[in-house]
Amino acid sequence: MTLESEILPDLTLAKLSGQVDTLTATELEMKLGDLAEVTKRALLVDCSDLTYINSAGLRVFLIVAKKMETAGGLCAFCSLTPNVRLVFETIGFDRILKLYENRAVALEQIAPPQAQAA
Amino acid sequence: MTLESEILPDLTLAKLSGQVDTLTATELEMKLGDLAEVTKRALLVDCSDLTYINSAGLRVFLIVAKKMETAGGLCAFCSLTPNVRLVFETIGFDRILKLYENRAVALEQIAPPQAQAA
Amino acid sequence: MRPGSLSTKLNVHLRETELVGKIVREFGQWHDVPEQTVFLVKLSLDELVTNIVVHSAGQIPCVREIVLRLTTNQHELWAEVEDDGCAFNPLDLPIPDVAAPLQDRSPGGLGIHLVRSLMDRVNYKRIGQRNLLVLSKKVTQSSAVELP
Amino acid sequence: MRPGSLSTKLNVHLRETELVGKIVREFGQWHDVPEQTVFLVKLSLDELVTNIVVHSAGQIPCVREIVLRLTTNQHELWAEVEDDGCAFNPLDLPIPDVAAPLQDRSPGGLGIHLVRSLMDRVNYKRIGQRNLLVLSKKVTQSSAVELP
Ligand SMILES: Nc1ncnc2c1ncn2[C@@H]1O[C@H](COP(=O)(O)OP(=O)(O)O)[C@@H](O)[C@H]1O
Ligand SMILES: Nc1ncnc2c1ncn2[C@@H]1O[C@H](COP(=O)(O)OP(=O)(O)O)[C@@H](O)[C@H]1O
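Residues numbered from 1 in each chain as written. Chains lettered and ligands numbered in written order. Predicted model: local features only at pLDDT ≥ 70, side-chain atom pairs only at ≥ 80, totals over all residues. Heavy atoms only, no water.

**Structural notes on the site of ligand 2**
All names here are of chain D. Neighbouring ligand 2 are Asn51, Ile52, His55, Gln59, Phe88, Leu93, Gly109, Leu110, Gly111 and Ile112. Asn51 places a side-chain nitrogen or oxygen 2.7 Å from an oxygen atom of ligand 2. In this structure, Gly109 approaches ligand 2 through a main-chain N or O atom, which is 3.1 Å from an oxygen atom. If ligand 2 stood free it would expose 530 Å²; the protein chains cover 72% of that surface. Of the pockets mapped on this structure, ligand 2 occupies the second largest pocket. Broken down by class, the residue content of the shell around ligand 2 amounts to five nonpolar, five polar and no charged. (Near = heavy atom within 4 Å. Polar contact = N/O pair within 3.5 Å; in protein donor to acceptor, adjacent residues only side chain to side chain. Areas by Shrake-Rupley, 256 points an atom, 1.4 Å probe, with all protein chains shown as cover. 1 Å grid on protein atoms, 1.4 Å probe; cavity = no way out; pocket = protein on both sides within 12 Å on 5 of 7 lines; lining within 4 Å. Sits in = over half its atoms within 2 Å of the grid points. Nonpolar A, V, L, I, M, F, W, Y, C, P; charged D, E, K, R; others polar.)

Spelled out as structure tokens, the structure:
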């Protein structure tokens, strides 16, 4: 599991790669938690290279999304592989979390060029 | 399986790497056969990166060594891994083939510096 | 798929979930199991083994061994997880409300729900002093890669 | 070693020897089989499966399937090769003269000799319409890598 982040004015981008399982979920919780702290408006988690996630990892997504929402922010996810999307749908995460097909669509919706120019 | 060769005045060096099995033995037989053809005195097969060999590969060694001996030349092997050496010993190849601990010892014995200088 | 079966004893340690993942992936590859089936079976077994290791800590008797089994025939894959801990039937757990809004969702209880939803069938049996869970997943002909 | 077992159906094709090598290597890794044992068992199974595929061509009945089995306990590894071809006991083959000088050595007949020499025990049984070869190899405690 690796998490690479980029903090932009309107958005924090986090690229999550590899396997998230019971052995790596705590590390993810700490890292995403830190990013949520410093994020003003929105946190976007790019899952294009997330090859595996189990319930320990899904639990982290739920905790971070709740925390962001409570603080008036937004936590979104993009570029889920078909396997990860199936898991999200199975536990209703597609209804309670903001999901985007790919990064371009997500950026367009969360931080549109107009907002960036302002 | 890969075979890299170097043709020197006193000796042909062949570095055999990877797996030699029933699927690759024919290719080895053709390549080593070609090398035996152009070799004047001695053919040295360096086995340091030979990770696997089965009876189809051992059969090729026997055929090439016989051919070289019949033509008055020499076919030698060096740098066998412990696994490959065990297989050689099991079928008596350590007694009928010329084996050397490593390439340096083999070169010293087959093509000593004096011979090279001559 | 190619017919075959496997049985392996696991130690009661979370690190063993890595071996479970490796076994499912590699056994799956040898037996031409489609990639998505490998993913779903690996996830289900990961959840079950993790639960046994994590929740066995306070149990009497404690779990001393876990046995993993995999079986394929042309159309179906079976996975079994057996442990010698005290009786526990995960199918008795309540189904979490996956339609609840974000703030009402509890972060626990997702593991067993995933297993029940992603597998075609899940059966629990108590056999002597052992828990046995049998999962099965059908594979459609078209998604299976057959060797000639 | 870690206790476990595996059974896989092989097609009657020389290319399957690659799968046999992969299975022995990966199953060996999961079950902490020492590297040299993996090498010797892989070699033995390669020889036996190759022989069945190569020599079954002209047989009546021809071989339609080969089954590979592996079993480990703490101290020993067993490997089985089963085929449904006509009866053939490789243990009846003469032992080649491995002490003969180079020019007298015939290049064939090495495969079965390697299997018999490198394994601790080799047993042949004809069961119904099937040939069964059972190989076993002991592993000394010191060379086995045990998980805690
Ligand atoms: N093998 C087990 N032995 C004992 N209790 C278990 C076992 N598996 C699950 N449980 C109980 O069932 C609950 C729900 O399990 P699960 O759906 O995996 O979610 P989580 O483990 O995230 O809480 C656990 O919190 C635990 O109390
Ligand atoms: N499974 C088999 N079915 C029929 N004949 C076999 C089989 N295995 C071996 N043989 C016979 O035994 C001989 C010796 O086999 P082997 O020791 O492997 O050497 P090689 O195959 O190189 O000749 C073969 O040439 C073949 O005639």
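**Comments concerning the relation of the copies chain D and chain C**
The two copies are related by a screw operation: chain D maps onto chain C through 180° of rotation and 0.0 Å of translation along the axis, at an RMSD of 0.0 Å. In symmetry terms, the pair is related by a two-fold rotation axis. Minimal C-alpha distance to the rotation axis in chain D is attained by Leu6 of chain D, lying at 2.1 Å. In this assembly, 100% of the residues forming the interface of chain D have copies in chain C that are likewise at the interface, indicating an isologous arrangement. (Least-squares fit on C-alpha atoms with pLDDT ≥ 70 in both. Contact = heavy atoms within 4.5 Å.)

**Side note on the nonpolar core**
Counting residues in each nonpolar core, the largest one holds 148 residues, and the members touching the most others are Leu32 of chain A together with Leu32 of chain B. Non-local contacts of Leu32 of chain A, meaning those with residues more than four positions away in its chain, are made with Leu3, Ala14, Leu43, Val45, Val60, Phe61 and Val64 of chain A. (Core = buried A, V, L, I, M, F, W, Y, C linked by side-chain atoms within 4.5 Å. Buried < 20%, exposed > 50% of the residue type's maximum accessible area, 1.4 Å probe, protein only.)

So yeah, pure geometry; function would need other evidence.
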